[in-house]
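# Analysis of the macromolecular model
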Amino acid sequence: MSLDVSPQLLAEAENGEVREPDFVETVRTSLPYAYNLIARLATELRSGTAKFADNQIPPPSEKERGQLLRALSSDAIRASLERHFGVALAFQNCHRVAVFPPEARGGETHTRFTSLRAQILNQSPELRDW
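So, here's what we can say about the structure. As the structure is a prediction and not an experimental result, all values here were calculated from the model. (Residues numbered from 1 in each chain as written. Predicted model: local features only at pLDDT ≥ 70, side-chain atom pairs only at ≥ 80, totals over all residues. Heavy atoms only, no water.)

As a further point, take the side chain of Gln-92. Looking at where Gln-92 falls in the secondary structure, it is placed in the loop between β2 (88–91) and β3 (97–100). Gln-92 sits in the buried class, given a relative accessible area of 6%. Side-chain polar atoms of Gln-92 contact the backbone oxygen of Phe-113, separated by 2.6 Å. (Helix = DSSP H or I, 4+ residues; strand = E, 2+ residues; numbered from the N terminus. Buried < 20%, exposed > 50% of the residue type's maximum accessible area, 1.4 Å probe, protein only. Polar contact = N/O pair within 3.5 Å; in protein donor to acceptor, adjacent residues only side chain to side chain.)

Below, the structure written as structure tokens:
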């Protein structure tokens, strides 16, 4: 799955630097499931008192799962979404995405969420892609 890059954005990239808002808009329209999921989690984080907000519901189809994997496996997309929403992203499996305040990165809660132990405990035979 690739981003749906407009001719205008492609020309911008060919001529130099890309404006991040233009890139984020391309991500929003190309990967709507991933974008909207992260937007929802960022809103939950800001509106609550929890140290992080996470998603534990699998995507409705492989299309949405692919969008999420694409967004979180690309350094450029992931970093742009973090800056755009003002969060630090953490990712455990094909759907368990969490958002933390940026200053929480490397702190106790973030470290526990991204630990080897948490990764192992978050596995499920139903999620294996045989």
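In this section: the sheet that holds β2. With antiparallel pairing, the 3 strands of this open sheet are ordered in space as β1-β3-β2. Two strands bound the open sheet, and with one partner strand each, they are β1 (53–54) and β2. Packing against the sheet, helix α4 (residues 62–73) makes contact with β2 and β3, and its axis sits at approximately 125° to β2. (Pairing = 2+ DSSP bridges. Contact = heavy atoms within 4.5 Å. Axes fitted to C-alpha atoms, helices over the stretch in contact; angles between N-to-C directions.)

Moving on, we get to the packing of helix α3 (residues 32–47) against helix α5 (residues 75–85). Relative orientation of the contacting elements α3 and α5 amounts to 35°, with a least axis distance of 11 Å. In this structure, α3 meets α5 at a crossing whose hand is right-handed. On α5, the residues that touch Tyr-35, Ile-38, Ala-39, Ala-42 and Arg-46 of α3 are Leu-81, His-84 and Phe-85. The class makeup of the residues in the contact of α3 with α5 is 6 nonpolar, 1 polar and 1 charged. (Left-handed = near helix turned anticlockwise from the far one by under 90°. Nonpolar A, V, L, I, M, F, W, Y, C, P; charged D, E, K, R; others polar.)

A few words on the pattern of salt bridges. Proximity of charged atoms lets side chains of opposite charge pair with each other. Applying the stated criterion across every chain, the model contains 8 salt bridges. A salt bridge links Glu-82 to Arg-105; the nearest nitrogen and oxygen atoms lie 2.6 Å apart. Taken together, the residues span a long stretch of sequence, with Glu-82 in helix α5 and Arg-105 in the loop between β3 and α6 (108–113) at a distance of 23 residues. (Salt bridge = Lys/Arg side-chain N within 4 Å of Asp/Glu carboxyl O.)

This next bit is on the nonpolar core. Core analysis: the largest hydrophobic core is formed by 25 residues, its most contacted members being Ile-77, Leu-81, Phe-85, Leu-89 and Val-99. Elements that contribute at least two residues to this core include exactly α2 (20–30), α3, α4, α5 and β3. Considering every element that reaches this core, the biggest residue donor is α3, with 9 residues. Leaving out residues up to four positions away in the same chain, Val-99 has contacts with Ile-38, Leu-41, Ala-42, Leu-45, Phe-52, Ala-53, Val-87, Ala-88 and Leu-89. Membership of the second largest hydrophobic core comes to 6 residues, among which are Ala-88, Ala-90, Ala-98 and Phe-113. (Core = buried A, V, L, I, M, F, W, Y, C linked by side-chain atoms within 4.5 Å.)

Okay, the environment of Ser-115 next. Structurally, the position occupied by Ser-115 is in the loop between α6 and α7 (116–121). Overall, the relative accessible area of 22% leaves Ser-115 in the partly exposed class. Through-space distance from the C-alpha of Ser-115 to that of Gln-92 is 9.4 Å; in sequence the pair is 23 residues apart. A polar contact of 2.9 Å, which involves the side chain of Ser-115, links it to the backbone oxygen of Arg-112.

Moving on: α3. In an α-helix, one turn spans 3.6 residues, which is why side chains three or four residues apart end up on the same side. Spanning 16 residues, α3 covers 22 Å between terminal C-alpha atoms, matching the ideal 22 Å at 1.5 Å per step. Among the structural elements, α2, β1, α4, α5, β2 and β3 are those in contact with the buried residues of α3. (Expected span 1.5 Å × (residues − 1).)

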